[in-house]
Amino acid sequence: MNDSSPAAGAPVLDVWCELQCPDCRSALDDLRALRARYGDRLELRLRHFPLEKHKHAFAAAQAAEEALEQGKGWEYVEAVLGRVEELDRAGEPFLVEVARELGLDAEEFDTALVDGRHILIVDADQAEGKAIGVTGTPTYVIDGERLDGGKSQEGLRERVEQIADRLLAGQG
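A brief look at the structure comes next. Per chain, residue numbering runs from 1 following the sequence as it is written. This being a predicted model, a pLDDT of at least 70 is required before a residue's local features are given, and a value of 80 or more before pairs of side-chain atoms are given or counted; all residues contribute to the totals for chains, interfaces and linings. Derived side-chain values reflect all non-hydrogen atoms in the structure, with water molecules and hydrogen atoms excluded from consideration.

**Looking at the nonpolar core**
Then, number 1: To qualify as a nonpolar core, a set must consist of buried Ala, Val, Leu, Ile, Met, Phe, Trp, Tyr and Cys residues joined through side-chain atoms within 4.5 Å. Whether a residue is buried, partly exposed or exposed follows from its accessible area with a 1.4 Å probe, protein chains only, as a fraction of its type maximum: under 20%, in between, or over 50%, in that order. Membership of the largest hydrophobic core comes to 45 residues, with the highest contact counts inside it found for Leu 13, Tyr 76, Leu 95 and Tyr 140.
Then, number 2: Setting aside its immediate chain neighbours within four residues, Leu 95 contacts Ala 59, Ala 60, Ala 63, Tyr 76, Val 80, Leu 87, Phe 109 and Leu 113.
Then, number 3: By size, the runner-up hydrophobic cluster in this structure holds five residues, among which are Trp 16, Leu 51, Val 134 and Val 141. Contacts are assigned to residue pairs with any non-hydrogen atoms lying within 4.5 Å of each other.

This is the structure we're talking about:
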């Protein structure tokens, strides 16, 4: 999932995430810092990995895809992650409410959650994540290296920056 169009050939950072995960909320500062540092020179892609222990995570992943379609993917992700307790309590109505607060088409969100139009994307992400060894969130993958932020996020941003800087230096 990507709101801005990255530069052609930009390195890709896949962020395996789920929107009911407190560890993913903790990772937001790192993601903001990476976006601020690299802008469109690094493509940040949200990849969905809803965990079974979080009953609203699968719906939240679908909602994030709908937000992307409506042009506010990361903004929506940050808004939901910032209030995971409300998602825990309220479930799908909260997902629609956040869409309304961001000025998105809330009715379309509601319909998307009912008709399941984004389920295949979420399922495909989850299957790919399992295939490459993702077990928890957040997990970052850049240049084939998997960094597991579910255990500890200590030093992860620095590692991502080292790899991104190396890849970007190699382009010149």
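And the narrative resumes.
**Here's the deal with the environment of Leu 167**
Then, number 1: Every helix listed is a DSSP run of H or I at least four residues long, and every strand listed is a run of E at least two residues long, numbered separately from the N terminus. By the secondary structure assignment, Leu 167 is in helix α8 (residues 156–171).
Then, number 2: With relative accessibility at 23%, the residue Leu 167 sits in the partly exposed group.
Then, number 3: Linking Leu 167 and Asp 23, residues 144 residues apart in sequence, is a C-alpha distance of 27 Å.

**Re the packing of helix α2 (residues 57–69) against helix α3 (residues 73–81)**
Then, number 1: Viewed as axis vectors pointing N to C, α2 and α3 meet at an angle of 145°, and their least axial separation amounts to 7 Å. In this structure, α2 uses Ala 63, Ala 64, Ala 67 and Leu 68 to contact α3, whose residues at the interface are Gly 73, Tyr 76 and Val 77.
Then, number 2: Within the contact of α2 with α3, the residues separate by chemical class into six nonpolar, one polar and no charged. Fitted lines through C-alpha atoms give the axes, limited to the stretch in contact for helices. The angle between two N-to-C directions lies from 0 to 180 degrees. Note that Gly is not counted as nonpolar here; it falls among the polar residues with everything else outside the nonpolar set of Ala, Val, Leu, Ile, Met, Phe, Trp, Tyr, Cys and Pro and the charged set of Asp, Glu, Lys and Arg.

**Here's the deal with the packing of aromatic side chains**
Then, number 1: Each pair of aromatic rings taken from Phe, Tyr and Trp, with Trp reduced to its six-membered ring, is defined by centres within 6.5 Å and is described as stacked if the planes are under 30 degrees apart, edge-to-face if over 60, and tilted in the remaining cases. Scanning all chains against the criterion turns up one aromatic pair.
Then, number 2: Relative to Phe 109, the ring of Tyr 76 lies with its centre 5.2 Å away and its plane at 35°, an arrangement referred to as tilted. One end of the pair, Tyr 76, is in helix α3; the other, Phe 109, is in helix α6 (residues 106–115), and 33 residues separate them in sequence. Like Tyr 76, the residue Phe 109 is buried in the burial classification.

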